[in-house]
Amino acid sequence: MSKLRVAVIGAKGRIGSEAVRAVEAAPDMDLVAALGRGDELETLVESGAQAVVELTTPASVMDNLDFCVRHGIHAVVGTTGWTEERLGRLEAWLKSSERTGVLIAPNFSIGAVLTMHFAQQAARYFESAEVVELHHPNKVDAPSGTAIRTAQLIASARDRAGLPAQPDATATALDGARGADVDGVPVHAVRMRGLLAHQEVLFGGEGETLTIRHDSLHHSSFMPGILLGLRRVVDTPGLTFGLENFLGLGD
Ligand SMILES: NC(=O)C1=CN([C@@H]2O[C@H](COP(=O)(O)OP(=O)(O)OC[C@H]3O[C@@H](n4cnc5c(N)ncnc54)[C@H](O)[C@@H]3O)[C@@H](O)[C@H]2O)C=CC1
Ligand SMILES: O=C(O)C1=N[C@H](C(=O)O)C[C@H](O)C1
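Residues numbered from 1 in each chain as written. Chains lettered and ligands numbered in written order. Predicted model: local features only at pLDDT ≥ 70, side-chain atom pairs only at ≥ 80, totals over all residues. Heavy atoms only, no water.

So, the domain arrangement of the chain
The following threshold applies: The domain limits used here are those given by an automatic or database domain assignment. Contact definition: two residues touch when any of their heavy atoms are within 4.5 Å. Here's the idea: put two parts together, see how much 1.4 Å probe accessible area each one loses, and the total over both is what we call buried area. Whenever Lys or Arg places a side-chain nitrogen within 4 Å of a carboxyl oxygen from Asp or Glu, that contact is recorded as a salt bridge. Each residue gets one of three labels, nonpolar for Ala, Val, Leu, Ile, Met, Phe, Trp, Tyr, Cys and Pro, charged for Asp, Glu, Lys and Arg, and polar for the others, Gly among them.
Under the domain assignment used here, the chain contains domain 1 (4-104 + 220-246) and domain 2 (110-217). Each of domain 1 and domain 2 has a C-alpha centre, and the two are 27 Å apart. Opposite the seven residues of domain 1 that make contact, domain 2 presents nine residues. Taken together, the two surfaces of domain 1 and domain 2 that pack against each other cover about 730 Å², and 59% of this comes from carbon and sulfur. For the domain 1 face of the interface with domain 2, the top three residues by lost area are R14, T80 and E244, together amounting to 51%. Counting across the domain 1 and domain 2 interface gives one salt bridge. In this structure, the salt-bridge partner of E244 is R149, at a minimum N-O distance of 4.0 Å. When grouped by side-chain class, the residues that make up the side of domain 1 that touches domain 2 number three nonpolar, two polar and two charged.

Have a look at this one:
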């Protein structure tokens, strides 16, 4: 069977460089291009890439995906910064490129995907829910894409269950003290030397709390998810949001 021809965009970054090694080591894939900032996207076409792994920055990701979709190149995207407006634009591009698939994964690690899944399940049973994400200090965005997605999933589960707004008597607060409000769920971001990527989801009810915690201790935690994404996205046209859809955990 022929190998999947894969390119990595953002190949010199923290996670991109790990992805290069993972693709090189995968027996069913050939790494055909590894693009850094300033490299020509035309290289993707010249190298015959069938799928890319996109791990750059929120400022770069849309142009890269526009190119990929126009050239029928599938994409597995870990880059953050997804808004409804951006997703809408991407979906419109995909409509005119019927066979192309794009997977956007807020997090590729199995533990983080399960954290989101469990948090979504727990959300309807608790009055209070807050998300705390903790990352290395070189991360440029806050809160993390994973934390935003987790909060959105909790908020929709609360909404479906008809839960009221969370109890919170705060009347005066320093700016930021209660975190960012994501659909009514407070999200707090810690940036600290020594950390990589971590998240706690805290739930509170009468006389009890539940904490779900996940720790990515090395960038290798994201690699099985990236490789799974590549294997599946080539047969999954259109936009898939969340690795859970390739793990049998989707809605
Ligand atoms: N979904 C997931 O599981 C994960 C997602 N991420 C996300 O991936 C992104 C990258 O994270 P890191 O590797 O830590 O950042 P990084 O800053 O180490 O790497 C980004 C790389 O992309 C390059 N770059 C920027 N624009 C480019 C362009 N137009 N073409 C080619 N290269 C370009 C930069 O020069 C840099 O080398 C972030 O948005 C981060 O949040 C990171 C880890 C896991
Ligand atoms: O920048 C990172 O490191 C990470 N980014 C992703 C996010 O913002 O959720 C995934 C993971 O948390 C690591």
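We are not done yet, so read on.
Here we look at the sheet that holds strand β3 (residues 51-54)
Counted only if it meets this: By definition, two strands form a pair when at least two bridges between them are found by DSSP. Segments assigned H or I by DSSP are reported as helices when at least four residues long, segments assigned E as strands when at least two residues long, and all are numbered from the N terminus. To obtain each axis, a line is fitted to C-alpha atoms, and for helices this fit is confined to the stretch in contact; angles are then taken between N-to-C directions over 0 to 180 degrees.
Here we have six strands laid out as an open sheet, ordered β2-β1-β3-β4-β5-β11, and parallel in their pairing. At either margin of the open sheet sits one strand with a lone partner, and together these are β2 (29-35) and β11 (238-241). Neighbouring strand axes in the sheet, compared pairwise and without regard to direction, differ in orientation by 20° on average. Relative to β3, strand β1 (residues 4-9) is paired through four bridges, and the arrangement is parallel. Across the sheet, I9 pairs through a bridge with E54, a residue of β3. Contacting β1 and β2, helix α1 (residues 14-25) crosses the sheet at an angle of about 155° to β2. The sheet contacts of helix α4 (residues 84-95) involve β5 (101-104) and β11, and relative to β11 the element is tilted by about 145°.

A word on the nonpolar core
As a reminder, the rule being used: Side-chain atoms within 4.5 Å link the members of a nonpolar core, which is a set of buried Ala, Val, Leu, Ile, Met, Phe, Trp, Tyr and Cys residues. The rule is simple: take the accessible area with a 1.4 Å probe, protein chains only, and divide by the maximum for that residue type; under 20% is buried, over 50% is exposed, in between is partly exposed.
Counting residues in each nonpolar core, the largest one holds 28 residues, and the members touching the most others are M29, F108, I226 and L230. Those elements giving two or more residues to this core turn out to be β1, α1, β3 and α7 (223-233). Broken down by element, the residue count for this core peaks at five residues, all from α7. Sequence-distant contacts of F108, defined by excluding residues within four places in its chain, comprise L55, V76, V77, G78, L103, S221, F222, G225, I226 and L243. Formed by 23 residues, the second largest nonpolar core is a distinct cluster that contains L35, V61, M62 and I73.

Here we look at the pattern of salt bridges
Per the stated rule, a full pass over the model turns up 11 salt bridges. Residues participating in the shared-partner salt-bridge network are E130, D168 and R178.

Focus: the side chain of E18
Spelled out, the test is: Pairing of N or O atoms within 3.5 Å defines a polar contact, subject to two protein rules: one partner must be a possible hydrogen donor and the other a possible acceptor, and residues neighboring in sequence count only if both atoms are side-chain atoms.
Tracing the sequence through the fold places E18 in helix α1. E18 sits in the buried class, given a relative accessible area of 14%. A polar contact is formed between the side chain of E18 and the side chain of R21, at a distance of 3.2 Å.

Some thoughts on the site of ligand 1
The line we're drawing: Here a residue is considered near a molecule or strand provided that any single heavy atom belonging to it is located within 4 Å of it. Methods summary: accessible areas were calculated by the Shrake-Rupley approach with a probe of 1.4 Å, and residue burial reflects only the protein chains presented. Detection works on a 1 Å grid of protein atoms alone, calling trapped sets that fit a 1.4 Å probe cavities and calling open sets with protein on both sides within 12 Å along at least five of seven lines pockets, with lining residues defined by an atom within 4 Å of a point. To decide whether a molecule occupies a pocket or cavity, check its atoms: if more than half lie within 2 Å of the grid points, it is inside.
Contacts to ligand 1 come from 23 residues, most closely from R14, S60, T80, A105 and F108. S60 is positioned such that a nitrogen or oxygen atom in its side chain is 2.7 Å from a nitrogen atom of ligand 1. At 2.8 Å, a backbone N or O of F108 approaches an oxygen atom of ligand 1. Summarising the interface, the protein chains cover 82% of the accessible area of ligand 1, which totals 860 Å² for the free molecule. Under a 2 Å grid-point criterion requiring more than half of the atoms, the pocket assigned to ligand 1 is the largest pocket. Sorting the residues of the shell around ligand 1 by element identifies α1 and α3 (58-70) as the ones contributing at least two each.

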